[in-house]
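# An overview of the molecular structure
Here is how the chains run, residue by residue.
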Amino acid sequence: GAVVSQHPSRVICKSGTSVKIECRSLDFQATTMFWYRQFPKKSLMLMATSNEGSKATYEQGVEKDKFLINHASLTLSTLTVTSAHPEDSSFYICSARIPPMGSSNQPQHFGDGTRLSIL
Amino acid sequence: AQKVTQAQTEISVVEKEDVTLDCVYETRDTTYYLFWYKQPPSGELVFLIRRNSFDEQNEISGRYSWNFQKSTSSFNFTITASQVVDSAVYFCALSEEYAGGTSYGKLTFGQGTILTVHP
């Protein structure tokens with residue numbers, strides 16, 4: 001079945017560092033990918049919708065300059081947390097949309113997530 | 001705007017007990033999808049079920065069953081004869097967009113229910 005690969009799975013770095021997270025669709029083309037953020041013991045909140053070849057659509061309250069999203073190809077979207085600070089520590093998870101005409105029972109597949117810890 | 005409410009924050013049961021996780025949703029759309037996901041301690045999201053708003057048939061899959069009641073906007077999930085491996089956070093989610101729409105796949109998650117099954 002369709003698989004989404006997210007890398008890295010865990011990052012620990014110093015405050016002020018920029019961190020890039022990759023989300024790849026391995027066996028299908030994903031024109032749209034989604035980035036979610038999850039605080040400990042909390043729900044998943046949609047941060048932005050990543051569209052191939054165009055600018056990402058950010059949800060209200062999400063800083064565009066802090067969370068840079070690039071969707072340069074049909075199989076890769078990246079989220080860069082710029083100048084990360086301890087409050088950016090969180091679990092980030094991406095998903096890729098299966099094309100609407102596909103036969104998959106689920107409309108999207110999730111990566112395994114990235115646990116980001118900023119010291 | 002859509003909203004998903006999982007009123008039960010935490011549930012604790014003893015193995016072999018049946019347990020029902022509640023989910024209530026709000027949407028103004030007539031076409032939508034409802035989902036349940038399982039998130040084990042490792043963090044990845046495991047897809048359990050997707051239900052179309054036009055299909056109110058209940059579904060059973062092994063020890064899992066789902067009860068969709070459109071009249072009460074509820075989509076409850078029951079685990080029969082629970083096992084320790086069922087311990088996880090369970091999320092109910094809603095996707096308002098029609099499969100042919102441009103924002104297909106965007107999910108609104110409930111707060112999650114932490115299920116602990118004791119041996």
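Note that the structure is predicted; figures quoted are calculated from it, not measured. Each chain has its residues counted from 1, following the order in which its sequence is written. Here the convention is simple: chains get letters from A, ligands get numbers from 1, in the order in which they are written. Owing to the predicted nature of the model, reporting of local features is limited to residues with pLDDT of at least 70; listing and counting of side-chain atom pairs is limited to 80 or more, with chain, interface and lining totals taken over all residues. Neither water nor hydrogens contribute to the side-chain values; these are computed over all heavy atoms in the structure.

## Section: the pattern of salt bridges
Residue and element names in this part refer to chain B. Any Lys or Arg side-chain nitrogen located within 4 Å of an Asp or Glu carboxyl oxygen qualifies as a salt bridge. For the coordinates displayed, the defined rule picks out six salt bridges over all chains. A salt bridge links Glu-59 to Arg-51; its shortest N-O distance comes to 2.6 Å. Of the charged contacts in the structure, one is a salt bridge between Asp-86 and Arg-63, with a shortest N-O distance of 2.8 Å. Pair noted here: Asp-86 is in the loop between strand E9 (74-79) and strand E10 (88-95) and Arg-63 is in the loop between strand E7 (59-61) and strand E8 (64-69), with a separation of 23 residues, a long-range link. Helix and strand definitions here come from DSSP, where helices need a minimum of 4 consecutive H or I residues and strands a minimum of 2 consecutive E residues; each element is numbered from the N-terminal end.

## Side note on the side chain of Lys38(B)
Residues and elements named next belong to chain B. Mapped onto the elements of the fold, Lys-38 is located in strand E5 (residues 33-39). Nearest to the buried, unbridged Lys-38 among oppositely charged side chains is Asp-86, at 4.6 Å. At 3.0 Å, the side chain of Lys-38 and the backbone oxygen of Val-85 are in polar contact. When neighbours within four sequence positions are excluded, Lys-38 is seen to be in contact with Glu-44, Leu-45, Val-46, Leu-48, Tyr-64, Val-85, Asp-86, Ala-88, Val-89 and Tyr-90. Per-residue accessibility, obtained with a 1.4 Å probe over protein chains only, is compared with the maximum for each type, and a residue is labelled buried under 20%, exposed over 50%, and partly exposed between these values. Note that His is not counted, nor are the chain ends; the positive residues are Lys and Arg, and the negative ones are Asp and Glu. Two N or O atoms form a polar contact when they lie within 3.5 Å of each other; inside protein one atom must be a possible hydrogen donor and the other a possible acceptor, and for residues adjacent in sequence the pair counts only when both atoms belong to side chains. We call two residues contacting when some pair of their heavy atoms lies within 4.5 Å.

## A few points about the side chain of Arg37(A)
All names here are of chain A. Examined against the element boundaries, Arg-37 turns out to sit in strand E4 (residues 32-38). Look at Arg-37: it is buried, it has no salt bridge, and the nearest opposite charge is Asp-88 at 4.5 Å. Here Tyr-92 takes part through its side chain, which lies 3.5 Å from a polar atom of the side chain of Arg-37. With sequence-adjacent residues up to four places away left out, Arg-37 is seen in contact with Ser-43, Leu-44, Met-45, Met-47, Phe-67, Glu-87, Asp-88, Ser-89, Ser-90, Phe-91 and Tyr-92.

## Some remarks on the state of the cysteines
All names here are of chain A. Here, two cysteine sulfur atoms that lie within 2.5 Å of each other are counted as a disulfide. Applying the stated criterion to the full structure yields two disulfides over all chains. Each sulfur of the disulfide joining Cys-23 and Cys-94 lies 2.1 Å from the other. The sign of the 85° torsion about the S-S bond sets the Cys-23-Cys-94 disulfide as right-handed. Pair noted here: Cys-23 is in strand E3 (residues 19-25) and Cys-94 is in strand E9 (residues 90-97), with a separation of 71 residues, a long-range link. For Cys-23, a relative accessible area of 0% gives the class buried. Residue class for Cys-94 comes out buried when judged on its relative accessible area of 0%. Of all cysteine sulfurs, the one in Cys-94 lies closest to Cys-13, which takes part in no disulfide; the gap is 18 Å. Judged by relative accessible area, which is 12%, Cys-13 ranks as buried.

## Some words on the packing of aromatic side chains
Side-chain rings of Phe, Tyr and Trp (the six-membered ring for Trp) are treated as a pair once their centres are within 6.5 Å; stacked means planes under 30 degrees apart, edge-to-face means over 60, and tilted covers the remaining angles. Tallied over the entire structure, the rule returns 17 aromatic pairs over all chains. Relative to Phe109(B), the ring of Phe110(A) has its centre 6.3 Å away and its plane inclined at 65°; by these criteria the two rings are edge-to-face. One end of the pair, Phe110(A), is in strand E10 (residues 108-110); the other, Phe109(B), is in strand E11 (residues 108-109), on a second chain. Phe109(B) carries the same exposure label as Phe110(A), and that label is buried. Plain terms: the ring middles of Phe91(B) and Phe109(B) are 6.0 Å apart, the flat faces sit at 85° to each other, and that makes the pair edge-to-face. With Phe91(B) in strand E10 and Phe109(B) in strand E11, the pair connects residues that are 18 residues apart, well separated along the chain. Comparing Phe91(B) with Phe109(B) shows no difference in burial state: the two are buried. Put simply, the rings of Tyr36(A), Phe110(A), Phe35(B), Tyr37(B), Phe47(B), Phe91(B) and Phe109(B) touch in pairs and so form one group of aromatic residues.

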